[in-house]
Amino acid sequence: MIRDRIFSLMDQDEDSNTRRLKIYAYQTIFLVLLVSENWSVALLYWEEWGAAHKLVVYVSSALALASLRIRWRKNVFIGLAFLQLFMHWESFPLTGNHKYLQTIICGLLAILDPESDDEAQLFHRAACWLLFLVLFYSGLQKLVHGYYFEGQFLAFSLWRRTFLPFHQFMQVILPAEEFTRLASYGRAPGAGPYLVSNPVFLFVSNSVYIGEIGLALMLLVRRTRRFAIVGIFGLVFAIEAVARELYFGQLFFATVLLYARADVIRKIVPWVFGVNLFLILMRLGIIPLLFEFS
Amino acid sequence: MGTKLKKSVTGKERVVHTLLIILTCWPLLHIFLVKQFDLNAWKLAGWGMYSVPLHSIRLEITQLVKSPQGWTASPISDSRLNEPVSKYMDLRFALGKLMEPSGLARSVFEAFPTMDRINIRVSKLAMDRSSGMIEESHVDFLYDE
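It should be emphasised that the depicted structure is a prediction, and the values quoted were computed from it without experimental measurement.

1. Some thoughts on the overall build of chain B
- For chain B, the helix and strand inventory stands at three helices and four strands.
- Starting at the N terminus and ending at the C terminus, chain B contains elements arranged as α-β-β-α-α-β-β.
- A compact globule built from 145 residues would reach a C-alpha radius of gyration of about 15 Å, whereas chain B, at 22 Å, exceeds it by more than 25%.
- Projected onto its principal axes, the C-alpha coordinates of chain B cover approximately 85 × 40 × 25 Å.
- In chain B, buried positions account for 44% of the 145 residues.
- Once local pairs closer than 6 in sequence are excluded, the contacts in chain B between residues at least 24 apart make up 51%.
- Here chain B has roughly 8,000 Å² of accessible surface; of this, 57% comes from carbon and sulfur atoms.

2. A look at the pairing of strand E4 (residues 134-144) of chain B
Residues and elements named next belong to chain B.
- Pairing of strand E3 (residues 117-127) with E4, which is carried by eleven bridges, proceeds in the antiparallel orientation. Pairing of Arg117 across the sheet is with Asp144, part of E4.
- Between E3 and E4, which pair antiparallel in sequence order, lie six residues; one of them, Gly132, sits at a positive phi of approximately 70°.

3. Focus on the packing of aromatic side chains
- Taken as a whole and judged by the stated rule, the model has 22 aromatic pairs over all chains.
- When the ring of Phe7 of chain A is compared with that of Trp129 of chain A, the centres are 5.2 Å apart and the planes differ by 80°; the resulting orientation is edge-to-face. Placement of Phe7 of chain A in helix H1 (residues 2-7) and of Trp129 of chain A in helix H6 (residues 117-145) is noted, with a sequence separation of 122 residues between them.
- Of the residues examined, Phe7 of chain A reaches a relative accessible area of 4% and is grouped as buried.
- Look at Trp129 of chain A and you get buried, because its relative accessible area is 7%.
- Ring geometry for Phe153 of chain A and Tyr50 of chain B: centres 6.2 Å apart, planes at 85°, overall edge-to-face. Of this pair, Phe153 of chain A sits in helix H7 (residues 152-156) while Tyr50 of chain B is found in the loop between helix H1 (2-37) and strand E1 (56-67), placing the two residues in two different chains. In this structure, Phe153 of chain A and Tyr50 of chain B share a single accessibility class: buried.
- Here the aromatic residues Phe7, Trp129, Phe132, Phe136 and Tyr137 of chain A are joined through ring pairs into a cluster of three or more.
- Residue placement shows Arg283 of chain A over the ring face of Phe293 of chain A; its charged tip is 4.1 Å from the ring centre.

4. Quick look at the side chain of Ser67 of chain A
All names here are of chain A.
- Of note, Ser67 is situated in the loop between helix H3 (51-66) and helix H4 (73-91).
- A relative accessible area of 4% places Ser67 in the buried class.
- Reaching out from Ser67, the side chain makes a polar contact with the backbone oxygen of Ala64 at a distance of 2.5 Å.
- Leaving out residues up to four positions away in the same chain, Ser67 has contacts with Leu31, Arg73 and Val76.

5. Considering the interface of chain A and chain B
- Residue-level contacts link 52 residues of chain A with 46 residues of chain B.
- Both faces considered, chain A and chain B share a buried interface measuring about 4,600 Å² in area, 68% of it formed by carbon and sulfur atoms.
- Between Lys12 of chain B and Glu119 of chain A there is a salt bridge; the shortest N-O distance is 3.1 Å.
- At the junction of chain A with chain B, the criterion picks out 19 residue pairs in polar contact (both at pLDDT 80 or more).

6. Things to note about the pairing of E1 of chain B
Residues and elements named next belong to chain B.
- Relative to E3, E1 runs antiparallel, the two being bridged by nine bridges. Directly across from Gln63, in E3, lies its bridge partner Ile118.
- Of the strand pairs in this sheet, E1 and strand E2 (residues 70-75) are connected by six bridges, and their pairing is antiparallel. Bridge pairing links Val65 to Thr72 in E2.
- The antiparallel hairpin formed by E1 and E2 contains two residues in its connecting segment.

7. Describing the pattern of salt bridges
Residue and element names in this part refer to chain A.
- Taken as a whole, this structure holds 15 salt bridges over all chains when the rule is applied.
- The residue Lys142 makes a salt bridge to Glu212 at a minimum N-O spacing of 3.1 Å. Of this pair, Lys142 sits in helix H6 while Glu212 sits in helix H10 (residues 199-219); the two residues are 70 residues apart in sequence, bridging distant segments of the chain. Glu212 carries the same exposure label as Lys142, and that label is buried.
- Taken together, the shared-partner salt bridges in this structure form one network comprising Glu14, Arg19 and Lys22.

8. Focus: the domain arrangement of chain B
All names here are of chain B.
- Annotation of chain B at the domain level lists domain 1 (10-51) and domain 2 (53-144).
- Computed from C-alpha atoms alone, the centre-to-centre distance between domain 1 and domain 2 is 29 Å.
- On the side of domain 2, ten residues touch domain 1, which itself brings nine residues to the contact.
- Carbon and sulfur atoms make up 64% of the surface buried where domain 1 meets domain 2, a total of about 860 Å² over both sides.
- For the domain 1 face of the interface with domain 2, the top three residues by lost area are Phe37, Asp38 and Asn40, together amounting to 53%.
- If you look at where domain 1 meets domain 2, you find one salt bridge.
- For Lys124, the salt bridge identified is with Asp38, shortest N-O distance 3.2 Å.

Conventions and cut-offs
Residues numbered from 1 in each chain as written. Chains lettered and ligands numbered in written order. Predicted model: local features only at pLDDT ≥ 70, side-chain atom pairs only at ≥ 80, totals over all residues. Heavy atoms only, no water. Helix = DSSP H or I, 4+ residues; strand = E, 2+ residues; numbered from the N terminus. Rg over C-alpha atoms; globule rule 2.2 N^0.38 Å. Buried < 20%, exposed > 50% of the residue type's maximum accessible area, 1.4 Å probe, protein only. Contact = heavy atoms within 4.5 Å. Areas by Shrake-Rupley, 256 points an atom, 1.4 Å probe, with all protein chains shown as cover. Pairing = 2+ DSSP bridges. Phe/Tyr/Trp six-rings, centres within 6.5 Å; stacked < 30°, edge-to-face > 60°. Lys NZ or Arg CZ within 6 Å of the ring centre and 35° of its normal. Polar contact = N/O pair within 3.5 Å; in protein donor to acceptor, adjacent residues only side chain to side chain. Buried area = accessible area lost by both parts, 1.4 Å probe. Salt bridge = Lys/Arg side-chain N within 4 Å of Asp/Glu carboxyl O. Domains from an automatic or database assignment.

Here's what the structure looks like:
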């Protein structure tokens, strides 16, 4: 069937045991990110939250601890999937896009058992296809809506505090009077125009969606997959350096690594623990807040 | 046992493949809804975050009273409306023109039973793509008790 041929584009040259180990490593990373993000948000909004939200944080943490027993993982993910659906219900329609990705992956981990070769392959194909969709449509949406053709979106980003590193980059590549012009506009009616004609700036702006679409398509071809993985890391790193959506970025990185060899994703598991411990310590104030993040 | 397992995997395969097909097609519909109905490109799993500068929404609720000179408008501001207003603004911010404020209008008439006619003005502050200018657009919704 055409459908099977398309999804089989995600397949790697690997044996079932290697695939299983990859998925277990991915499960561990997913759980660390989920718990870390839950507590990171909880520490910001604890006083405002009702009992239900707080209970979700405690239960998801307990479930994550229970996952240390590999045999219990399927039930852990079933429980987490229900909690995720509850959180969706509460926040809909303002739910962040990465929460949809998180919930879908959680659901897939709940219903597909990595001990079964067929189900492990199905999970691998599904997660890799999801990653392709997110990257491809992220680029397509930018192309269709057209706010990158003349630098409009990036010029407007001067208003986002977390885009400060990008502002510093803008100051380097834009003539001083151009930067001053853009920085002088507000958000009130009549502000603007947020249009840029500087060729270097336009190159950067248009590279974003071209890169996203191009790299997504390169993932589908085995010969270009390795280059795509490196390219995606560079692109997402650059985006997250300004957007600072670190939990989405980490989940994205981990899912990209499903396209790579097994030992790569397994090697980063300790790093994921370390990075997220660091983020939680910053939230707790034990380490000074070096940068804002979400 | 082998057949049962195979059937189970095939069933799961069907579920997962159906999900993936829906997720593949949905962003195309999302793009259409953003363009036609002002759906928020950043929400609802269209993967359109950072594609459009984020807009903001403002709401004005006015009571309209008939007088010999015509209709006179007086703004309504009451803490009883804080929650319904906030809820509607969240819905409008995410779902755009798909969300009309009829529920909010009902809340206003329940809080102020003597009112006969109200106008709810929804203002959107957004960047026009071709001019790069921040523009405000309004839509008025008229409701009679």
